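# Residue-level structural notes
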Amino acid sequence: MPLPRRKAVLVTGANGEMGHGLIQRLAQSADADVIALDIRDIDPELADKCAARIVGDILDPRMLERVVAEYEVHTIFHLAALLSTRAEFTPETAHEVNVQGTLNLLKLAVEQSRWHGRRVKFLFPSSIAVYGMPDLETKRGAGAVKETEWNLPSTMYGCNKLYCEQLGRYYARHYRQLAVDSTDAGVDFRSIRFPGLISAFTVPHGGTSDYAPEMIHAAAQGLPYACFVRPDTRISFMAMPDAIDALMALMEADAERLTSHVYNITAFNPSAQEFAELTRSAFPGAQITFEPDLRRQGIVDSWPEDVVDTRSRTDWGFAPKYDLRRTFEEYLVPNIRARYA
Ligand code: AKB
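Quick caveat, the model's predicted, so the values are computed rather than measured. Residue numbers here run from 1 along each chain, matching the order of that chain's written sequence. The predicted nature of this model means local features are confined to residues of pLDDT at least 70 and side-chain atom pairs, given and counted, to a pLDDT of 80 or more, with totals for whole chains, interfaces and linings taken over all residues. The basis for every side-chain value is the complete set of non-hydrogen atoms in the structure, without hydrogens or water.

## Points about the packing of aromatic side chains
Using the following cut-off: Two rings from Phe, Tyr or Trp (for Trp, the six-membered ring) form a pair when their centres sit within 6.5 Å of each other. Planes less than 30 degrees apart are called stacked, planes more than 60 degrees apart edge-to-face, and all others tilted. Buried means the residue's accessible area, taken with a 1.4 Å probe over protein chains only, is under 20% of the maximum for its type, while exposed means over 50%, and partly exposed covers the values in between.
Following the criterion strictly, the structure yields 13 aromatic pairs and no others. An angle of 85° between the planes, with centres 5.6 Å apart, marks the rings of Tyr170 and Tyr171 as edge-to-face. Among the residues examined, Tyr171 registers a relative accessible area of 9% and is labelled buried. Between Tyr322 and Tyr331, the ring centres sit 5.7 Å apart and the planes meet at 50°, which makes this aromatic pair tilted.

Next up, the structure:
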C-alpha cells in the first residue's frame, strides 16, 4: 500500500517579496499544508507558517522528486524568478531559471495530477515586462494597454515571462495533443501580469520597478536616495496586499468564469516625481535626487504607462483596495515607520 501523502500547496521563491506575503495569507486560510521552497535558507519568519521548508534549486529534478515523495501537491504558486535588471547581467542563467524552472514545475503538476486525479492549480506571476514599447512617444500615445497589445518585450525577463505564459496555456489545453493516449494534462494554469509592487515589509532586489519601493524605504531610514529613473517616468504599481489578494482571488475563481489564462491588473500609476513628493510629505527630511541610469531607464520606458484590467474585474472580481493615497497613508507609511523605528 502506498503511504498516504499530505495535501499540499507548493510555493517556490518563498523568500521573495511576494512569497512572504503569500505564505502569511495561505497559513491563515489554506486547508492544505504549505511547502516553502527556495534556493536560500527559508526566512525564519516563515518557519511556523509552513509544514515543510525546502532549500533547493528548481532546476534540480531530484529535489522536486523529494518534494512529491512526501506530499501530494494540489496547488502551485510558482514565484521563483530572476527579475528584469538581474536577468540582464546573466541572460542565459535567467533563461534557465525562469523558463526551464517553470517547465520543471509544469511537469511536476502533470505528474501530480495523474497521481491524485484532480487538476493542479498552477498560479504564475507574470509581469508588465512582457510589454515592449519601441520609444517614449509610442508609450505615451498608447496609454493603457490590453493583454494582447505590444507583446514585444525588450528584456530577457520579459521574454521569459511571455513564453512561460504560452507554455502554461499549452499545458492547460494542448499537452501531447498527438499522442494516441492523449488526455488532459490536469494543469489549470492561471497567470497575472503584475505591475511594480510595493511592500512595507520587504525591499525588492534585482527588479527595474524597484525605484519606488527603494525610495520610500530609504526615506524612512533617513538615507539619501538617488532615483535611477527620470522624474517623468510612469508605470503602474500596486500595494503588496492587493497583489496577494489578487493571487488568492484568481486561485479561488470558478474555472468556468475564466475566459483567459492571462490577466492584467493595476491599481495606480504615479510618475517617479509624484512618488517622490508623496514620500517627502510623509518623511519631510527625505533626501531624494534623480540620477537616471540610461540603461535601466530604457527598460522602464519600454513598459506601458498603464494597463487595461477589465478582463480581471469581469472574470474574477479583481478590485484593488488601495489607491495611491490609501497605499501611502494606511499601508506604507505606518508600517514602514514602525519597521525602522
Ligand atoms: C521587475 O522590475 O523586474 C519586476 C517586474 C515589473 O516584474 N518588479
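Next comes the rest of the description.
## Details of the pairing of strand E4 (residues 71-78)
Sheet faces and side chains relate simply in a regular strand, where the side chains alternate between the two faces. Rules: Counting from the N terminus, the helices are DSSP H or I runs at least four residues long and the strands are E runs at least two residues long. Two strands form a pair only when DSSP identifies at least two bridges running between them.
The element E4 is extensively covered by neighbouring structure, given that seven of its eight residues are classed as buried. Of the pairings in the sheet, the one linking E4 to strand E5 (residues 120-127) comprises three bridges and is parallel in character. Pairing of Ile76 across the sheet is with Phe122, part of E5.

## Overview of the nonpolar core
We apply this condition: The criterion is simple. A nonpolar core is a set of buried Ala, Val, Leu, Ile, Met, Phe, Trp, Tyr and Cys residues joined through side-chain atoms within 4.5 Å.
With 80 residues, the main nonpolar core has Val11, Leu22, Phe77, Tyr211, Leu247 and Trp316 as its most contacted residues. At eight residues, helix H8 (residues 240-252) tops the list of elements feeding residues into this core.

## Quick word on the environment of Gly168
Filter applied, for reference: Throughout, a residue-residue contact means that at least one pair of heavy atoms, one from each residue, lies within 4.5 Å.
Within the element layout of this structure, Gly168 appears in helix H6 (residues 156-173). For Gly168, a relative accessible area of 0% gives the class buried. For the pair Gly168 and Phe189, spaced 21 residues apart in sequence, the C-alpha to C-alpha distance is 5.6 Å. Gly168 has contacts with Leu106 and Phe189, leaving out every residue within four places of it along the chain.

## Quick notes on the site of the ligand
For clarity, the threshold we go by: In these notes, residues near a molecule or strand are those with any non-hydrogen atom within 4 Å of it. Between N or O atoms, a polar contact is any pair within 3.5 Å; within protein, one atom must be a potential hydrogen donor and the other a potential acceptor, and residues adjacent in sequence are included only when both atoms are from side chains.
Taken together, Leu83, Ser84, Ser127, Tyr157, Gly207, Thr208, Ser209 and Trp303 make up all the residues around the ligand. The contact in question runs from an oxygen atom of the ligand to an N or O atom on the side chain of Ser127, over 2.7 Å. Taking Tyr157, its side chain carries an N or O atom lying 2.8 Å from an oxygen atom of the ligand.

## Topic: the pattern of salt bridges
Our working definition: One speaks of a salt bridge when a side-chain nitrogen belonging to Lys or Arg is within 4 Å of a carboxyl oxygen belonging to Asp or Glu.
Going through the model one piece at a time under the given rule, you end up with 15 salt bridges. Here Asp188 ties to Arg190 by a salt bridge, and the two come within 2.8 Å at their closest N and O atoms. Note on accessibility: Asp188 and Arg190 belong to one class, buried.

## Some words on H6
Put simply, the rule is: The span one expects for a helix is its residue count, reduced by one, times 1.5 Å.
The end-to-end C-alpha distance of H6 is 26 Å, a good match for the 26 Å that 18 residues give at a rise of 1.5 Å each. Taken as a whole, H6 has its buried residues at Tyr157, Gly158, Asn160, Lys161, Leu162, Cys164, Glu165, Leu167, Gly168, Tyr171 and Ala172. Looking at the packing, one finds that the buried side of H6 touches helix H3 (84-89), helix H4 (91-116), E5, strand E7 (187-194) and strand E11 (262-264).

## Quick look at the sheet that holds E5
Under the convention used in this document: Only the contacting stretch of a helix is used when fitting its axis, a line to C-alpha atoms as for every element, and angles between N-to-C directions run 0 to 180 degrees.
Ordered by their spatial adjacency, seven strands build an open sheet running E3-E2-E1-E4-E5-E7-E11, and the pairing between neighbours is parallel. Strands with a single pairing partner mark the edges of an open sheet, and in this sheet they are strand E3 (52-55) and E11. Averaged over all neighbouring strand pairs, the angle between strand axes comes to 20°, with direction disregarded. In terms of strand pairing, E7 meets E11 through three bridges, oriented parallel. Looking at the pairing, Ser191 lines up with Val262 of E11. Together, strand E1 (6-12), strand E2 (33-38), E4, E5 and E7 form the strand contacts of helix H1 (residues 17-29), whose direction differs from that of E1 by roughly 160°.

## Some words on the packing of H4 against H6
Basically, it comes down to this: By the definition adopted for this analysis, an angle is roughly parallel if under 35 degrees, roughly antiparallel if over 145, roughly perpendicular if from 65 to 115, and oblique otherwise. The crossing is said to be left-handed when, going from far helix to near helix, the turn is anticlockwise and less than a right angle, and right-handed when the turn is clockwise. Residue type decides the class: Asp, Glu, Lys and Arg count as charged, Ala, Val, Leu, Ile, Met, Phe, Trp, Tyr, Cys and Pro as nonpolar, and the leftover types, Gly among them, as polar.
Contact geometry for H4 and H6: axes closest at 10 Å, N-to-C directions at 15°. Taken together, the axes of H4 and H6 lie roughly parallel to each other. Note that H4 runs across H6; the crossing there is right-handed. Touching Pro91, Ala94, His95, Asn98, Val99, Thr102, Leu103, Leu106, Lys107 and Val110 of H4 are Met156, Tyr157, Asn160, Tyr163, Cys164, Leu167, Gly168 and Tyr171, all from H6. Split into classes, the residues belonging to the contact of H4 with H6 amount to 12 nonpolar, five polar and one charged.

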